[in-house]
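So the chains spell out like this:
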Amino acid sequence: MLFVNKEARAFNDGEERTLAAVRSGVAACGNKEDDLVTGLPGQPPVNFRHYSGYVNLGPRQKQKSLFYWFFEAQQNTARRPLVLWLNGGPGCSAIATGAAQELGPFLVHTKGGNLTFNEFSWNKEANILFLEAPVGVGFSYSNNSTDLQNLGDQVTAEDSLVFLINWFKKFPEFRSNEFYITGESYAGHYVPQLAEVIHDRNKKVTRDSRINLKGIMIGNPVINEATDAAGIVDYAWSHALISDEVHKLIHDSCRFGDKLTAQCNKSFTAFTAYAAINIYSIYTPVCFSSSPSSKNHTRVMSDHNLLTSQNIWGRLPYAYDPCTPHYAEKYFNRKDVQVALHANVTNLPYPYTACSSVIKWTEAPTTVIPIIQKLLKGGLRIWIYRTGSFGYSGDTDGRLPVTSTRYSLRKMRLKVESPWRSWFHKSEVAGWVETYAGGLTFVTVRGAGHQVPLFAPAQSLTLFSHFLASLPLPSSQVLAMKKNALWLLLVLMLPAIACSRKPEKKVTVSSGRKEEDLVTGLPGQPPVNFRHYAGYVDLGPRQKQKSLFYWFFEAQHNSSGRPLVLWLNGGPGCSSVAYGAAQELGPFLVRTNGGNLTFNDFSWNKEANMLFLEAPVGVGFSYTNNSVDLGKLGDHVTAEDSLDFLINWFTKFPEFRSSDFYLTGESYAGHYVPQLAEVIYDRNKKVPIDSRINLKGFMIGNAAINEETDMAGLVDYAWSHAIVSDELHSNLHSTCGLDEEQTSNTTIQCYENIKAFMEAYNDIDIYSIYTPVCLSSDSSSSSSQRRPKLVVSPSLFTYHDMWDKFPASGYDPCTEAYTENYFNRKDVQVALHANVTNLPYPYTPCSGVIRRWGEAPSTVLPIIQKLLKGGLRIWIYSGDTDGRVPVTSTRYSIKKMGSKVELPWRSWFHESQVAGWVETYAGGLTFATVRGAGHQVPVFAPAQSLTLFSHFLSSTPLPSKRF
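Residues numbered from 1 in each chain as written. Predicted model: local features only at pLDDT ≥ 70, side-chain atom pairs only at ≥ 80, totals over all residues. Heavy atoms only, no water.

Visitor: Got a minute to help me understand the overall build of the chain in this structure?
Guide: A count of helical and extended segments in the chain gives 30 helices and 31 strands. Taken across its 963 residues, the chain has 64% of its residues classed as buried. Here the analysis covers contacts within the chain between residues at least 6 apart in sequence; of these, 76% occur between residues at least 24 apart. Carbon and sulfur atoms make up 52% of the accessible area of the chain, which amounts to about 34,200 Å² in all. (Helix = DSSP H or I, 4+ residues; strand = E, 2+ residues; numbered from the N terminus. Buried < 20%, exposed > 50% of the residue type's maximum accessible area, 1.4 Å probe, protein only. Contact = heavy atoms within 4.5 Å. Areas by Shrake-Rupley, 256 points an atom, 1.4 Å probe, with all protein chains shown as cover.)

Visitor: Would you explain the state of the cysteines in this entry?
Guide: Note on terminology: disulfide describes a covalent bond linking the sulfur atoms of two cysteines. Under the counting rule described, the total for this entry stands at 4 disulfides. For Cys574, the disulfide goes to Cys846, at an S-S distance of 1.9 Å. Between Cys574 and Cys846, the S-S torsion sits near 100°, and that sign places the bridge as right-handed. With Cys574 in the loop between strand E21 (564–568) and helix H17 (576–584) and Cys846 in the loop between helix H26 (826–831) and helix H27 (861–869), the pair connects residues that are 272 residues apart, well separated along the chain. In this structure, Cys574 and Cys846 share a single accessibility class: buried. In this model Cys736 forms its disulfide with Cys750; the gap between the sulfur atoms is 2.1 Å. (Disulfide = S-S within 2.5 Å.)

Visitor: Got a minute to help me understand the packing of aromatic side chains in this structure?
Guide: Within a pair of aromatic rings, the relevant descriptors are the distance that separates the centres and the angle that separates the planes. For the coordinates displayed, the defined rule picks out 69 aromatic pairs. Measuring from centroid to centroid gives 5.1 Å for Phe70 and Trp167, while their planes differ by 80°, and the two rings are edge-to-face. Here the residue Phe70 occupies a position in strand E3 (residues 61–71), and Trp167 occupies one in helix H4 (residues 153–170), the gap between them amounting to 97 residues. The exposure class assigned to Phe70 is buried, which follows from its relative accessible area of 0%. When the ring of Trp649 is compared with that of Phe653, the centres are 4.3 Å apart and the planes differ by 15°; the resulting orientation is stacked. On the accessibility criterion, Trp649 (0% relative accessible area) is buried. Here the basic side chain of Arg406 rests over the ring of Trp420, its NZ or CZ set 4.5 Å away from the ring centre. (Phe/Tyr/Trp six-rings, centres within 6.5 Å; stacked < 30°, edge-to-face > 60°. Lys NZ or Arg CZ within 6 Å of the ring centre and 35° of its normal.)

Visitor: I would appreciate a short explanation of H27 in the present structure.
Guide: Because each turn of an α-helix spans 3.6 residues, side chains separated by three or four positions in sequence point in the same direction. Of all the residues in H27, the buried ones are Leu861, Ile863, Ile864, Leu867 and Leu868. The buried side chains of H27 occupy one side of the element, clustering within an arc of 160° when seen end-on. Contacts from the buried residues of H27 go to helix H19 (669–684), strand E27 (695–701), strand E28 (873–879), helix H28 (887–897) and strand E31 (925–930). Looking one or two residues beyond H27, the residue adopting positive phi is Gly871, at roughly 95°. (Arc of directions from axis to C-beta.)

Visitor: What is the right way to read the side chain of Glu184 from this model?
Guide: You can see Glu184 is positioned in strand E10 (residues 179–184). Polar contacts involving the side chain of Glu184 include one to the side chain of Asn87, which spans 3.1 Å. (Polar contact = N/O pair within 3.5 Å; in protein donor to acceptor, adjacent residues only side chain to side chain.)

Visitor: It is not clear to me how the environment of Asn593 should be interpreted in this structure. Could you clarify?
Guide: Of note, Asn593 is situated in the loop between strand E22 (588–590) and strand E23 (597–599). For Asn593, a relative accessible area of 45% puts it in the partly exposed group. Note: C-alpha distance between Asn593 and Glu820 (227 residues apart in sequence) is 9.8 Å. The residues contacting Asn593, other than those within four sequence positions of it, are Tyr818 and Asn821.

Visitor: Honestly, the confidence of the model for the chain in this entry has me stumped. Any pointers?
Guide: Where the model shows low pLDDT, its predicted coordinates should not be examined in detail. On average, residues of the chain score 85 in pLDDT, and 83% of them are at 70 or above. Below a pLDDT of 50 lies the segment residues 291–304, which in the model reaches 55 contacts outside its immediate sequence neighbourhood of four places, other chains included. Contacts for the low-pLDDT stretch residues 799–812, under 50 throughout, to residues beyond four places or in other chains number 53 contacts. (pLDDT = per-residue confidence, 0-100.)

Visitor: How do you make sense of the nonpolar core when you look at a structure like this?
Guide: Within soluble globular proteins, side chains that are nonpolar generally end up buried alongside one another. Core analysis: the biggest nonpolar cluster contains 230 residues, and Trp167, Ile181, Phe332 and Trp649 have the highest contact counts within it. If you look at the next biggest cluster of nonpolar residues, it comprises 50 residues, including Leu522, Leu839, Ala933 and Leu953. (Core = buried A, V, L, I, M, F, W, Y, C linked by side-chain atoms within 4.5 Å.)

Visitor: Mind showing me how you'd approach the side chain of Ser667 here?
Guide: Position of Ser667 relative to the elements: it lies in the loop between strand E26 (661–666) and H19. Of note is the side chain of Ser667, whose polar atom sits 2.9 Å from the side chain of His935. Contacts of Ser667, omitting those with residues within four sequence positions, involve Gly701, Asn702, Ala703, Ala704 and His935.

Visitor: Please explain unusual backbone geometry as it appears in this structure.
Guide: Across residues other than glycine, the phi torsion is negative in most instances, and most of the peptide bonds are trans. In this chain, Gly58 is followed by Pro59 through a cis amide linkage whose omega measures 5°. Relative to the helices and strands, Pro59 is located in the loop between strand E2 (50–57) and E3. That bond from Gly89 to Pro90 is cis: its omega, -5°, falls within 30 degrees of zero. Mapped onto the elements, Pro90 comes out in the loop between strand E4 (82–86) and helix H3 (94–102). A positive phi angle, close to 50°, is found at Asn344, a residue other than glycine.

Visitor: Explain the pattern of salt bridges to me, please; I cannot follow it from the model alone.
Guide: Note on pairing: side chains with opposite charge can pair once their charged atoms come close. One pass over the full model with this rule turns up 22 salt bridges. Here Arg49 ties to Glu72 by a salt bridge, and the two come within 3.2 Å at their closest N and O atoms. In this pair, Arg49 sits in the loop between helix H2 (20–23) and E2 while Glu72 sits in the loop between E3 and E4, placing the two residues 23 residues apart along the sequence. Asp336 serves as the salt-bridge partner of Arg334, at 2.8 Å between the closest nitrogen and oxygen. (Salt bridge = Lys/Arg side-chain N within 4 Å of Asp/Glu carboxyl O.)

So, in structure tokens, the structure goes:
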């Protein structure tokens, strides 16, 4: 995509006079010694040489001179390959971006002018050559202004070839070195096209005149207009950036690859997903520093013409962080820098810009797939990270997304040689890789945006080195072996635990008065100005043998005037105290093994009185004196027991009986919360007003609510986020009946495909797909080893043995162990009035004693619809980087409800940044996403979650503007 400054014009007759200085001389090829760079302002000391200057394209085109910057390899220069890097645009500089912001040894990261040494520079592995092409880009120029108006892909390829031929005359010692071409973005055109003209030329010239081209690697590239455009739209939907309606409208109106129609053009006016976020890195903050290069750009139809024709397209940043390009522009506009680099020797009549404002693009084919296929047949190595002889794709880029690349590869119909698998950098999953017959490799880089070397510098260097060496990317079995050992231990330990359990003590604890439950002297607690209570409420008179444990925090201010909110965690069988209170949204967080509690600046008790309940019995400190109860648990029992708890809790705390009451929770609380709301709602119709619970609504996050759509969304999310292969995605749909109303198939083929699906999440956190996993040996909590299998939604997955090999409930295993250790301390239990019966098992965040879950309906959608009709306010939110109960599942479930949109899809803000997207439906339902957050939204986006919570309570729209 080309951006042209509206204020900059092509040279007219008046401007011709300013070209006098340019016409007065032409930069000659000269000797390489003339181009040696010394005294570059701000440069750190290094032990390698670098050169920069001009190469003239004579004899046929003496008026053209292209500028380069060349870095010798840091070691063993003569034996290292020579690699050319090209940036895209078209019209963007490989020096201002690739060299100075991404993969060169000297990065311009500050306004001060000092250069930062890049520890992950690609010249660790090769001699790296950066070229500004075509003329009009960066310091490259032509003495004939007409050249600037007649540029395109073919001219760029041919001029770049002439540059290389003449460059090798300056640097003949590199003529026999292995030569590779790399680049990103619109270099998805440049790189294959240049490779093709080199390949064709090599057939016609003598061996000693050939360029020793071995392969190409392109990242997040433009390669095929139809699939690129379709992928942009589908990626935006699958990452919760556009509404169902806009997604359907565009697909119904447009035939991708065809000429632009008025109907299609009109539909794209609704594609405003990237108006307030960075399309090139969808989860990173945007920058508000004014950049001279980011202003006044207009659109040019070069690729994705369905998109670039829209006015908003020209207002997007170029693909480079808008906070850094103007640092580079400022640096390269310095006269002392230009002198050191032997640049701008003709005193160009316009300032240096990262992307050109003086060129016009007149020719761009819609696809380069035939070229790639031709080069594969010619024996070139191609990697695509997104595409190339080796291609790669940063998977958080919305501009040229991984979805587009996968569609393009599918169109090529290549045979898979080495199937989809994860690859590693050190101990973490760096992405996924698949190799095809004929020499093509496709790689994703996990969590990286459009410019992979910028967002994942260490991983990109690993990728680059393996491409050059033609070696498979690293695979790690160590972590998987550790997990398998734990899983085997789980299987072996369960019978022993059951046999060694001590007889239950027949003890009933009285509910007592609230004063007895006041918490004082809690170990590690920071000082606060609010009270909190913890203890038991027994479920008598009907169930005196059962006692449920709670922890209650009064609001930080005006507690009597604030709502009362109950928080429930899911599982089923996981603790709202160990998770919700101590890891997510309570005022005291357990963040270290040292025992000190951290005050949570974003605790939800800033807005409400917060009550955390461990339910049902067998969870956390909650217990029963009759072990038979543990075998009779399920959704219905949990709802009934939680209602009994509330009735008796209000006896302890009568001052809150009339307060507005809300239910909140996450995960399997997508069952708990609506079911509890329903029994409260039904009871309120039968009891006197003064006995009613003043229920106003509920809010659930990343919630399991409908098995059919939850399962389909789980699979589709994994594919759209490049975690599973095309083949596995297709097989799961076909063998498990995911497109059918009833998803009860348990065929051997389905079982095997589900196993493969879960293996895809072996080495990353399914609950937060972009965060590192914890490898600390101390983090393997006992609960993760003892937890029994509970077959609940989604049943097709949970019946599988491997399901229980995932972390217990989506919580960081590095903090879960800290919480478990804390609540097992006797002094903590005494302070919290907990474990007064000396339970015969240790405290675990997820229960190890609940043997089975007897009743779990496949859907709660009818309950949600019933409560909406009953006038309750219902908000559903979704952290959009959760793979376990993903945003895709929630969108499918809401669509199944058939609710009418009242306020259409729009972005919402926390302070200056987009926090997510929101849509409101008729009848009181609101759906909100939280951008970049995993399964437990309050952990990953604490400030945003507090904003969400406060607006839910006040029933006010989420902020629609910055600040």
